[in-house]
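Residue-level structural notes
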Amino acid sequence: MTLKKTLTIAGSDASGGAGLEADLKAFEQHDTYGMAAVTVIATMDPDNNWAHGVHTLPIDVLKAQLKTAFSTGIDALKTGMLSTEEVIKTSGEAILASGVKNVVIDPVMVCKGEDEVLNPGTVGAMIEYLLPNALVTTPNLFEAGQLAGTGTPKTIEEMKIAAEKIVEKGAKNVVIKGGRALQSDKAVDLFYDGQDFYLLETEKVDTTYNHGAGCTFAASVTANLANGLSVKEAVIEAKEFVAAGIKHGWKLNEFVGPVYHGAKPRLGAPEVIVKQI
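Just so you know, these numbers come straight off a predicted model, no measurement behind them.

Within the protein, the regular secondary structure consists of nine helices and ten strands. On C-alpha atoms alone, the protein measures out to a radius of gyration of 17 Å, which is about the 19 Å that the 2.2 N^0.38 rule sets for 277 residues. Its C-alpha atoms give the protein principal-axis dimensions of roughly 45 × 45 × 45 Å. Here the protein, with 277 residues, has 53% of them falling under the buried criterion. Partitioning the contacts of the protein with sequence separation of at least 6, the portion at a separation of at least 24 is 68%. Separation of charge centres in the protein, based on 25 positive and 34 negative side chains, amounts to 4 Å.

Here is the structure:
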């Protein structure tokens, strides 16, 4: 028996709901062998309204982890929280040198519940070192606006403009996650393959138990690519997987509720409606 090997280059979420913990859960549910190179450790303070702390690991430690993981032969990888320009540059150069083609860039810029870019310089570094490596990038609305330089899109037409600009900067495919933030009665994402636009729609779930949804989506795309799906197929299945996880999200504590990674295989998934526009 052999499994496809998937790697996440991301931060550790001490609460287990997002970051590399979410990625590894998603990798496992998609029947791949998950590995992780830890960039930062994110902590949350229960005595201070779950305020986040971001603790970046030494760059030599990251390099050693990347050397270890890439030596095994990686079929697909994703990035998550890369907290400094040096971490982004190091990761981007290692990805390029590895020759891995199935690369998913999740351009994490803020912690859940925060509303400022962790480090403003990281946006330019992502554009320089990550987007040219990206087979797929999976920004949310805020991240798409930062990468595109357009400001946060608020409509489908503005999402299309942002997606085109992101492809111009090197990514081959873009999924802009509208999710609950877009003003729609559906949970809507936009997929752009460099030529055609597709809307991916599922029912919108009225819940705050969605911690780790973005990480889980990108990790699911990554695992699907490792398993041989096309980019479009990988994105649609990931949308099913995370929609089920959100629908069956659960309360961890008074501050947060994570998605349930076992939802789709055990409880089924909401239908994804795909519309070319």
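So that's the structure; there's more coming.
With respect to the helices and strands, Q65 occurs in helix α2 (residues 59-70). Overall, the relative accessible area of 19% leaves Q65 in the buried class. For the pair Q65 and D196, spaced 131 residues apart in sequence, the C-alpha separation works out to 38 Å. Not counting residues up to four positions away in its chain, the partners in contact with Q65 are A36, A37, V38 and L57.

Where helix α1 (residues 19-29) contacts helix α7 (residues 213-226), the two axes come as close as 8 Å, and the packing angle between them is 40°. When the axis of α1 is compared with that of α7, the two are oblique. Where α1 crosses over α7, the handedness of that crossing is right-handed. Across the interface between the two elements, G19, A22, D23, A26 and F27 from α1 touch C215, T216, A219, S220, T222 and A223 from α7. Grouping the constituent residues of the contact of α1 with α7 by class yields six nonpolar, four polar and one charged.

Let us look at unusual backbone geometry. Phi at D31 takes a positive value of approximately 60°, unusual for a residue other than glycine. Counting through the fold element by element, D31 comes out in the loop between α1 and β2 (33-45).

Before going further, it helps to spend a moment on α1. Along an α-helix, a turn takes 3.6 residues, which lines up residues three or four apart on a common side. Buried residues of α1: G19, L20, E21, A22, D23, A26 and F27, and no others. Lining the buried residues of α1 we find β1 (5-13), β2, β4 (76-79), α7 and α8 (231-247). The first or second residue beyond α1 is D31, which carries a positive phi of 60°.

On the surface, M1, L3 and Y33 cluster together into a nonpolar patch covering about 390 Å² of accessible area. Along the chain, Y33 falls in strand β2.

Turning our attention to the packing of α2 against helix α3 (residues 85-98). Packing of α2 against α3 brings their axes to within 11 Å, and their N-to-C directions diverge by 20°. Between α2 and α3, the angle is such that the two are roughly parallel. Between α2 and α3 the crossing geometry is right-handed. Every residue of α3 that contacts α2 at I59, L62, K63, L66 and F70 is listed here: E86, V87, T90, S91, A94, I95 and S98. Here the contact of α2 with α3 is composed, by residue class, of seven nonpolar, three polar and two charged.

With that out of the way, let us pick up the pairing of β4. Consecutive side chains along a regular strand alternate between the two faces of the sheet. Burial along β4 is two-sided: the face carrying A76 and K78 and the face carrying L77 and T79 are both buried. Of the strand pairs in this sheet, β1 and β4 are connected by four bridges, and their pairing is parallel. Residue pairing across strands places T6 opposite A76, the latter belonging to β4. Across three bridges, the pairing between β4 and strand β5 (residues 103-105) is parallel. Looking at the pairing, K78 lines up with V104 of β5. Read as a crossover between parallel neighbours, the route from β4 over α3 to β5 is right-handed.

Summed over all chains, the structure comprises nine salt bridges. Salt-bridge contacts for D23 lead to K78; the nearest nitrogen and oxygen are separated by 3.0 Å. Of this pair, D23 sits in helix α1 while K78 sits in strand β4, and the two are 55 residues apart along the sequence. Judged by its relative accessible area of 0%, K78 falls in the buried class. Of the charged contacts in the structure, one is a salt bridge between E237 and K264, with a shortest N-O distance of 2.7 Å.

The rules we used
- Residues numbered from 1 in each chain as written.
- Predicted model: local features only at pLDDT ≥ 70, side-chain atom pairs only at ≥ 80, totals over all residues.
- Heavy atoms only, no water.
- Helix = DSSP H or I, 4+ residues; strand = E, 2+ residues; numbered from the N terminus.
- Rg over C-alpha atoms; globule rule 2.2 N^0.38 Å.
- Buried < 20%, exposed > 50% of the residue type's maximum accessible area, 1.4 Å probe, protein only.
- Contact = heavy atoms within 4.5 Å.
- Lys, Arg positive; Asp, Glu negative; His and termini not counted.
- Charge placed at Lys NZ, Arg CZ, Asp CG, Glu CD.
- Axes fitted to C-alpha atoms, helices over the stretch in contact; angles between N-to-C directions.
- Parallel < 35°, antiparallel > 145°, perpendicular 65-115°, else oblique.
- Left-handed = near helix turned anticlockwise from the far one by under 90°.
- Nonpolar A, V, L, I, M, F, W, Y, C, P; charged D, E, K, R; others polar.
- Patch = residues over 30% accessible without salt bridge, like charges linked within 9 Å, V, L, I, M, F, W, Y side chains within 5 Å.
- Areas by Shrake-Rupley, 256 points an atom, 1.4 Å probe, with all protein chains shown as cover.
- Salt bridge = Lys/Arg side-chain N within 4 Å of Asp/Glu carboxyl O.
- Pairing = 2+ DSSP bridges.
- Right-handed = clockwise from strand over helix to strand, strands pointing away.

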